[in-house]
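What follows is the residue order along each chain.
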Amino acid sequence: MEPGMEELMPQLLPVGDCDLAEDFDPTMPPRTPQEYLKRVQIEAARCPDVVVAQIDPRKLKKKPTVNISISGCQPAPEGYSPSLKWQQQQVANFSAVRQSLNKNRNHWRSQHLDSNVTMPKSEDEEGWKKFCLGERVYSEIDVLSDNENLGIDYMKVGFPPLLSIVSRMTQATVTSVLEYLISWFGEKKFTPELGRWLYALLACLEKPLLPEAHSLIRQLARRCSQVRALEENKNEEQISALNLIICLVSRYFDQRDLADEPS
């Protein structure tokens, strides 16, 4: 360091003259505060003035981006805007579901899955879409035109978000599957299978939200409002489901600018 620089740059860990034991060994764990500070100074003095990071360019090819839009939701069709009391009740119910899930997560995680349940890997987007929605919804096959008795063929109708399934999902998997389903919903219609899984994944989403999850749920709420606004037959059950998702995103996850104005 140049002469006089220490006067301009005071030490962050000053160590004055202190009585260090004669057998002080900087390689051994410090026994006193003075030894700790002295060891930090010794290690700092050994650091090079300039450090060059070795970066593998191949790892920079996929650049993650988070697009957070500030635009709000489209208003509900006339006569279908949920009341404030209804929204508050849904938030309370949802909060109770989340608390119960967190409390009993270890129990449900320990339960054996049925032999026909094979959860896809986190990165398997197509696998998760088929797992959650079923081959019929995924392939857009009209069930009414098929006389086959479905029974409980979950490969065709989709696996429900059982607690024994969602409790096994890490936060990374929850976020990934949520992204897969929102991407699918961006071009497809809303279905009960989709609604059940979206509700379950939101219930598993930890707070505070990571930026990626924050962007995803805002995208979800806006998409729900778009589908709701275009609902021609005014299917009350479907509009209620879309209202519910918008309500949870806006009022439970604190995205108030997306909230429906009380009717």
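Definitions and cut-offs
Residues numbered from 1 in each chain as written. Predicted model: local features only at pLDDT ≥ 70, side-chain atom pairs only at ≥ 80, totals over all residues. Heavy atoms only, no water. Helix = DSSP H or I, 4+ residues; strand = E, 2+ residues; numbered from the N terminus. Buried < 20%, exposed > 50% of the residue type's maximum accessible area, 1.4 Å probe, protein only. Contact = heavy atoms within 4.5 Å. Areas by Shrake-Rupley, 256 points an atom, 1.4 Å probe, with all protein chains shown as cover. Phe/Tyr/Trp six-rings, centres within 6.5 Å; stacked < 30°, edge-to-face > 60°. Polar contact = N/O pair within 3.5 Å; in protein donor to acceptor, adjacent residues only side chain to side chain. Core = buried A, V, L, I, M, F, W, Y, C linked by side-chain atoms within 4.5 Å. Salt bridge = Lys/Arg side-chain N within 4 Å of Asp/Glu carboxyl O. pLDDT = per-residue confidence, 0-100. Expected span 1.5 Å × (residues − 1). Bend = angle between axes of the 7 residues up to and from the residue.

Chemist: Sorry, what's going on with the overall build of the protein here?
Modeler: Each helix and strand in the protein was counted, giving 11 helices and zero strands. Along its sequence from the N terminus, the protein presents helices and strands in the succession α-α-α-α-α-α-α-α-α-α-α. Evaluated residue by residue, the protein yields a buried proportion of 33% over its 263 residues. In the protein, the proportion of contacts linking residues at least 24 apart, taken out of those at least 6 apart, comes to 71%. Carbon and sulfur atoms provide 52% of the accessible area of the protein, an area that totals close to 17,500 Å².

Chemist: How should I be thinking about the packing of aromatic side chains in this particular structure?
Modeler: Pairs of aromatic rings are described using the distance from one ring centre to the other and the angle between the two planes. In the structure shown here, the tally under the stated rule is eight aromatic pairs. Their ring planes at 85° and their centres at 5.0 Å tell us that Phe 94 and Tyr 252 sit as a pair that is edge-to-face. Taken together, the positions of Phe 94 in helix α3 (residues 84-103) and Tyr 252 in helix α11 (residues 236-252) put the pair 158 residues apart, joining distant regions of the chain. Of the residues examined, Tyr 252 reaches a relative accessible area of 15% and is grouped as buried. Ring geometry for Phe 94 against Phe 253: centres 6.1 Å apart, planes inclined by 65°, an arrangement best described as edge-to-face. In this pair, Phe 94 sits in helix α3 while Phe 253 sits in the segment after α11, placing the two residues 159 residues apart along the sequence. With a relative accessible area of 0%, Phe 94 lands in the buried category.

Chemist: Please clarify how the environment of Arg 98 should be interpreted in this entry.
Modeler: One can find Arg 98 in helix α3. The spacing of Arg 98 and Ala 200 is 102 residues in sequence and 9.2 Å in space, taken between C-alpha atoms. When neighbours within four sequence positions are excluded, Arg 98 is seen to be in contact with Leu 202, Ala 203, Cys 204, Leu 205, Glu 206, Lys 207, Tyr 252 and Phe 253. Within the structure, Arg 98 has its side chain in polar contact with the side chain of Tyr 252 (distance 2.8 Å).

Chemist: Is there a simple way to think about the nonpolar core in this case?
Modeler: The tendency in soluble globular proteins is for nonpolar side chains to be buried as a group. In terms of nonpolar packing, the biggest core is built from 49 residues, with Leu 181, Trp 197 and Leu 198 touching the most fellow members. For this core, the elements supplying multiple residues, two or more each, are α3, α5 (125-138), α7 (163-166), α8 (171-185), α9 (192-204), α10 (211-229) and α11. Apart from the residues within four sequence positions on either side, Leu 181 is in contact with Lys 129, Cys 132, Leu 133, Leu 194, Trp 197, Leu 198 and Leu 201.

Chemist: Would you explain the pattern of salt bridges in this entry?
Modeler: For the coordinates displayed, the defined rule picks out six salt bridges. Glu 125 is the partner of Lys 129 in a salt bridge, and the nearest nitrogen-oxygen pair spans 3.0 Å. One end of the pair is Lys 129 and the other is Glu 125, both in helix α5 and four residues apart, which spans about a single turn. Since its relative accessible area comes to 8%, Lys 129 is described here as buried. Take Glu 125: its relative accessible area is 28%, and that puts it in the partly exposed class. Between Arg 256 and Asp 254 there is a salt bridge, with its nearest N and O atoms 3.9 Å apart. We classify Asp 254 as partly exposed; its relative accessible area is 47%. Counted as one network, the salt bridges with shared partners bring together Glu 125, Glu 126 and Lys 129.

Chemist: Is there a simple way to explain the confidence of the model for the protein in this structure?
Modeler: Mean pLDDT over the protein works out to 81, with 72% of the residues at or above the 70 mark. Contacts of residues 5-9 to residues separated by more than four positions or lying in other chains number two contacts, the stretch itself having pLDDT below 50. In the predicted structure, residues 143-148 sits below a pLDDT of 50 and forms five contacts with residues beyond four places in sequence or in another chain.

Chemist: Help me out: how do you make sense of the side chain of Ser 250 in this one?
Modeler: Among the secondary structure elements, Ser 250 is positioned in helix α11. When sequence neighbours within four positions are dropped, the list of residues in contact with Ser 250 reads Gln 255, Arg 256, Leu 258 and Ala 259.

Chemist: Help me out: how do you make sense of α5 in this one?
Modeler: Owing to its 3.6 residues per turn, the α-helix aligns residues three or four sequence positions apart on the same side. Taking 1.5 Å as the rise per residue, α5 with 14 residues should run 20 Å; its terminal C-alpha atoms sit only 12 Å apart, a clear shortfall. Of all the bends found along α5, the most pronounced is centred on Cys 132 and spans about 85°. For α5, the full list of buried residues reads Gly 127, Trp 128, Lys 129, Phe 131, Cys 132, Leu 133, Gly 134, Arg 136 and Val 137. Two or three places before Gly 127, at the opening of α5, Asp 124 has a side-chain oxygen 2.9 Å from that residue's backbone nitrogen. Note on α5: the residue one or two positions beyond its end, Glu 140, has a positive phi of about 60°.

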